[in-house]
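# Structural characterization, general
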Amino acid sequence: MTKVLMSGNNIIGEAAIRAGCRFYAGYPITPQNELTEYMAEHMRTVEGGVFIQSESEIAAIHMIVGASSAGARVMTSSSSPGISLKQEGISSMAANELPGVIVNIMRGSPGLGNIRPSQGDYFQATRGGGHGDYRTIVFAPATCQELADLTMNAFDLADIYRTPVMILADGMMGQMMEPVVFKKPKPRQYSEKFMLRGAGQGKSKFIRSLILDAIDMEEHNWKLARKYQIITEKETLHEEYKTEDAELVIVAYGTAARIAKGAIKRLRENGMKVGLFRPITLWPFPELKLRTLSKKVKNYLVFELSTGQMLDDVRLALQGYADIGFHGRPGGVVPTPAELANVAARHYEKAD
Amino acid sequence: MAKKLFSRPKSLKEAGFHYCPGCGHSITHRLVAEVIDELGIRGITIGVPPAGCAVLAYNYFDVDMLEAQHGRGPATATGIKRALPDRIVFSYQGDGDLAAIGIAESFHAANRGENITVIFINNAVYGMTGGQMAPTTMLDQKTTTTPAGRNKTLDGYPVKVCETFSQLKGPTYLERVTVNSPASVNKAKKAIKKAFQCQMDGLGFSLVEILSPCPTNWKMTSVAACKWIDEVMSKEFPLGVFKDNMAAVKKPAEAAS
Ligand SMILES: Cc1ncc(C[n+]2csc(CCOP(=O)(O)OP(=O)(O)O)c2C)c(N)n1
Ligand code: SF4
Ligand SMILES: [Mg+2]
């Protein structure tokens, strides 16, 4: 298979089209415009491809809701402020059990913030984000190869579980260039019985989340909850890096995990046995995997481009099992591996 | 044997409407269903009900339907139509849904000339939530959120959707009708049929605005509500065709084929 050199945003677009995405709607926002533009350029070259520049992120998400119900593989993308606007539709997709992929190339927020990298949307992404009791599968790629692979996987999981799946990255990942290999997409597994295509001669169908009967409403929510339970049991992904002999493990995802690998290299050169635990799915969070690691390693440092969001999930996994430190920079300024190495070294020594 | 002159349209399910007596939604539902029957498009039609009194429209229309969030119908319908261009897609919306929270989605679907049909129920109030001010509420009209009457300085003016959209190049067919008398019901049906025909012929965006009685929230009898449409509402919202480009759009299309 041939390797190609592409930037992160373009990789997501190419992977989506190869995975059979045939409907994309989006509204421009930096730092993900290259993705929207990639879809504009390439959707018109594939049969049945639809690209719409919508009037807003709200319209975009509801367009993909419609196209998903009609049976298309759908995607929309945005960055933090736009993802806030999409929450109504994401909640709707979860409730109506409609598959689709949402890409958030995070920027420094709250408010308008700026376009520099941040991981401030972790809570929004992993706690459902919109109203109601639902969850969204969240992938946090850390390399261009993962952007390609996980984007393809996202479409498959969205179909299998009939639920929205989010790719959570940041401006740095959107812009960075690395060689990638696009894997062969799997054939789509999604039954026509879930699609609205007109009743033909048969019985008409409808898709809705308004359930007026209290007991039916509760049962629908339990049904979603059972689905989320299965996803939690089957779909967590993580990477462990140099944890075999580690005395300290840094827990980080996405761009922060890349910085952490740089820091670990320095620390190990100085004789400190430091490893990395990198969640690849943020929801479901690889909680049990992390707890299992705590049988071996008792000292952890959570590192995020936020003031501490994933930290909550690490605490849920490790509180009472291990020592947990935290280092965060709330977006905008990207810390260097050297900075993190200094912090980690202090934490490493503290435990002795 | 007596000839059957009146029966339930095939595109309506056997369910009884939950609408109040004298409500324009019931009449309009029936008209839309009759048109779907007459055009023979039940099997290829996909409808999008709103948040509003017609939120349960999928319990009535015997066609495939996808719920939309409040105001988002035209975006949702756009998604369906673009994914399945040979299906007939309609969005059914109230005035709050279309002209307040969903004005961006409806305006831009119209402006794109999206090949969908919008059935727009203008009843000058928010029916479902209990009679609050709608963007189409008359000046001085009392609602639960304009207890002293709609005040132009504080609340602005009734929003005229057909007039506004007619300024756009995108839409193909825009008509305002009412359903307050047998004659007006017949006219409304013709307009709805034309709107669906417009879509079937691939001519682009069509919208029929229906001045629709809401006796409950207007706090009137059904008869008085019908009269109020003639005497008050249709003065602010004149009936008629605001745009009909069907012939002009058709010609170049035909010339090309
Ligand atoms: C985001 C959101 N805001 C508010 C509501 C509550 N709501 C439901 S219907 C409606 C207004 C309905 O009025 P209209 O569109 O005029 O329809 P009608 O009931 O008069 O036919 C409102 C405010 C909602 N469902 N969703
Ligand atoms: S409240 Fe008004 S619009 Fe709603 S069903 Fe009753 S009459 Fe119809
Ligand atoms: Mg209304």
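Parameters at a glance
Residues numbered from 1 in each chain as written. Chains lettered and ligands numbered in written order. Predicted model: local features only at pLDDT ≥ 70, side-chain atom pairs only at ≥ 80, totals over all residues. Heavy atoms only, no water. Contact = heavy atoms within 4.5 Å. Buried area = accessible area lost by both parts, 1.4 Å probe. Salt bridge = Lys/Arg side-chain N within 4 Å of Asp/Glu carboxyl O. Polar contact = N/O pair within 3.5 Å; in protein donor to acceptor, adjacent residues only side chain to side chain. Helix = DSSP H or I, 4+ residues; strand = E, 2+ residues; numbered from the N terminus. Nonpolar A, V, L, I, M, F, W, Y, C, P; charged D, E, K, R; others polar. Pairing = 2+ DSSP bridges. Domains from an automatic or database assignment. Near = heavy atom within 4 Å. Areas by Shrake-Rupley, 256 points an atom, 1.4 Å probe, with all protein chains shown as cover.

Further remarks concern the interface of chain A and chain B. The interface is formed by 36 residues belonging to chain A together with 32 residues belonging to chain B. Taking both sides of the interface into account, the surface hidden between chain A and chain B amounts to around 2,600 Å²; carbon and sulfur atoms contribute 56%. The tally of links between chain A and chain B comes to 2 salt bridges. Across the pair arginine 112 of chain B and glutamate 55 of chain A runs a salt bridge whose closest N-O atoms are separated by 3.0 Å. If you look at where chain A meets chain B, you find 18 residue pairs in polar contact (both at pLDDT 80 or more). Residue assignment for the side of chain A that touches chain B shows that the elements contributing at least two residues are strand E3 (50-53), helix H3 (57-69), helix H4 (80-96) and strand E9 (206-207) of chain A. For the side of chain A that touches chain B, the leading source of residues is H3 of chain A, giving 8 residues. Of the residues assigned to the side of chain A that touches chain B, the class counts are 18 nonpolar, 12 polar and 6 charged. Where E9 of chain A meets strand E2 (residues 64-66) of chain B, 2 bridges bridge the pair, whose relative direction is parallel. Within the sheet, the bridge partner assigned to phenylalanine 206 of chain A lies in E2 of chain B and is methionine 65 of chain B.

This paragraph deals with unusual backbone geometry. Residues and elements named next belong to chain A. With an omega of 10 degrees, the peptide bond running from threonine 30 to proline 31 counts as cis. Its place among the elements puts proline 31 in the loop between strand E2 (23-26) and helix H2 (33-43). In this structure, proline 284 follows tryptophan 283 across a cis peptide bond, with omega equal to -5 degrees. Inspection of the secondary structure puts proline 284 in the loop between strand E13 (281-283) and helix H10 (287-293). With a phi close to 55 degrees, glutamate 97 is a non-glycine residue in the positive phi region. Looking at where glutamate 97 falls in the secondary structure, it is placed in the loop between H4 and strand E5 (100-106). Positive phi outside glycine occurs at arginine 162, with the angle close to 50 degrees. Among the secondary structure elements, arginine 162 is positioned in the loop between helix H6 (144-161) and strand E7 (164-170).

All names here are of chain A. Domain boundaries assigned for chain A yield domain 1 (4-234) and domain 2 (239-351). One C-alpha centre belongs to domain 1, the other to domain 2; they are set 28 Å apart. Listed per partner, the contact involves 32 residues of domain 1 and 24 residues of domain 2. In this structure, the connection of domain 1 to domain 2 is made through 3 salt bridges. Where arginine 127 meets aspartate 313, a salt bridge forms, and the shortest distance between an N and an O atom there is 2.9 Å. The interface formed by domain 1 and domain 2 contains 16 residue pairs in polar contact (both at pLDDT 80 or more). The set of elements that each furnish at least two residues to the side of domain 1 that touches domain 2 consists of helix H5 (122-126), strand E6 (137-139), H6, E7, helix H7 (171-175) and helix H8 (214-234). Per-class residue counts for the side of domain 1 that touches domain 2 are 17 nonpolar, 8 polar and 7 charged.

The subject of this paragraph is the site of ligand 1. Taken together, 17 residues sit near ligand 1, with His25, Cys53, Asp95, Asp97 and Gly127 of chain B positioned nearest. More than one chain approaches ligand 1, the contributing ones being chains A and B. At 2.8 Å from an oxygen atom of ligand 1 is found a main-chain nitrogen or oxygen belonging to aspartate 97 of chain B. Here an oxygen atom of ligand 1 and a backbone polar atom of glycine 127 of chain B are 2.8 Å apart. Protein chains shield 75% of the accessible area of ligand 1, which is 590 Å² for the free molecule. Breaking the shell around ligand 1 down by element, the ones donating at least two residues are helix H3 (95-101) and strand E5 (125-126) of chain B. With 4 residues, the single largest contributor to the shell around ligand 1 is H3 of chain B. Here the shell around ligand 1 is composed, by residue class, of 6 nonpolar, 8 polar and 3 charged.

This part covers the site of ligand 2. Residue and element names in this part refer to chain B. Close to ligand 2 lie Tyr19, Cys20, Cys23, His25, Cys53, Asn123, Cys214, Pro215, Thr216 and Asn217. In terms of residues, the shell around ligand 2 owes the most to one element, helix H8 (residues 215-218), which gives 3 residues. In the shell around ligand 2, the residues fall into 6 nonpolar, 4 polar and no charged.

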